[in-house]
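Here's the letter readout for the chains.
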Amino acid sequence: MKNQIEDLNKAFESRIRLGIMSILMVNDWVDFPTIKEMLNITDGNLASHIQALEKLQYVEVKKQFIGKKPNTSYAVTRAGRKAFNDHLNGLEQLLKSRK
């Protein structure tokens, strides 16, 4: 029997990345301050995790101005949605195999 732990995506081992992806999976676009507030983390911590997810092409970034203020928003990509769903399915299979 294959070890189900191998089906889990290392990109989602961090609770911060799990949180980011969970937020983005149920919302179209979410701005930086909203994610930061929801996860109660620092700017630098959020930026580094978002950057890692963006590098994997799991997160799309939109930069715009609202009035004269810059605003950065994020959305999950098709690849990110698939990777996260596969990860969740892997977790589910791992839990089922332990019963």
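In what follows, the structure referred to is the one given above.
Residues numbered from 1 in each chain as written. Predicted model: local features only at pLDDT ≥ 70, side-chain atom pairs only at ≥ 80, totals over all residues. Heavy atoms only, no water.

Peer 1: For this particular structure, what's the right way to read the side chain of histidine 87?
Peer 2: Topologically, histidine 87 is positioned in helix 4 (residues 78-97). If near-sequence neighbours (up to four positions away) are discounted, histidine 87 is found in contact with Leu8, Asn9, Phe12 and Leu18. (Helix = DSSP H or I, 4+ residues; strand = E, 2+ residues; numbered from the N terminus. Contact = heavy atoms within 4.5 Å.)

Peer 1: For this particular structure, what's the right way to read the sheet that holds strand 3 (residues 69-76)?
Peer 2: To summarise the sheet geometry, strands pair through backbone hydrogen bonds and adopt either a parallel or an antiparallel arrangement. In space, the three strands of this open sheet follow the order 1-3-2, with antiparallel pairing throughout. Looking along the sheet, the strands with just one partner apiece sit at the ends: strand 1 (30-31) and strand 2 (59-66). Pairing between strand 1 and strand 3: two bridges, direction antiparallel. The residue of strand 3 that forms the bridge with aspartate 31 is serine 73. (Pairing = 2+ DSSP bridges.)

Peer 1: Can you walk me through the packing of aromatic side chains in this structure?
Peer 2: Two aromatic rings are characterised by how far apart their centres lie and by the angle between their planes. Counted by the stated rule, this structure contains three aromatic pairs. Taken together, a centroid distance of 5.1 Å and an interplanar angle of 85 degrees make the contact between phenylalanine 12 and phenylalanine 84 edge-to-face. In this pair, phenylalanine 12 is assigned in the segment before helix 1 (15-25) and phenylalanine 84 in helix 4, connecting sequence segments 72 residues apart. Residue phenylalanine 12 is classed as buried on the basis of its relative accessible area, which comes to 1%. Members of the aromatic cluster, joined through ring pairs, are Phe12, Tyr58 and Phe84. Note that lysine 62 overlies the ring of tryptophan 29, its terminal NZ or CZ placed 4.4 Å from the centroid. (Phe/Tyr/Trp six-rings, centres within 6.5 Å; stacked < 30°, edge-to-face > 60°. Buried < 20%, exposed > 50% of the residue type's maximum accessible area, 1.4 Å probe, protein only. Lys NZ or Arg CZ within 6 Å of the ring centre and 35° of its normal.)

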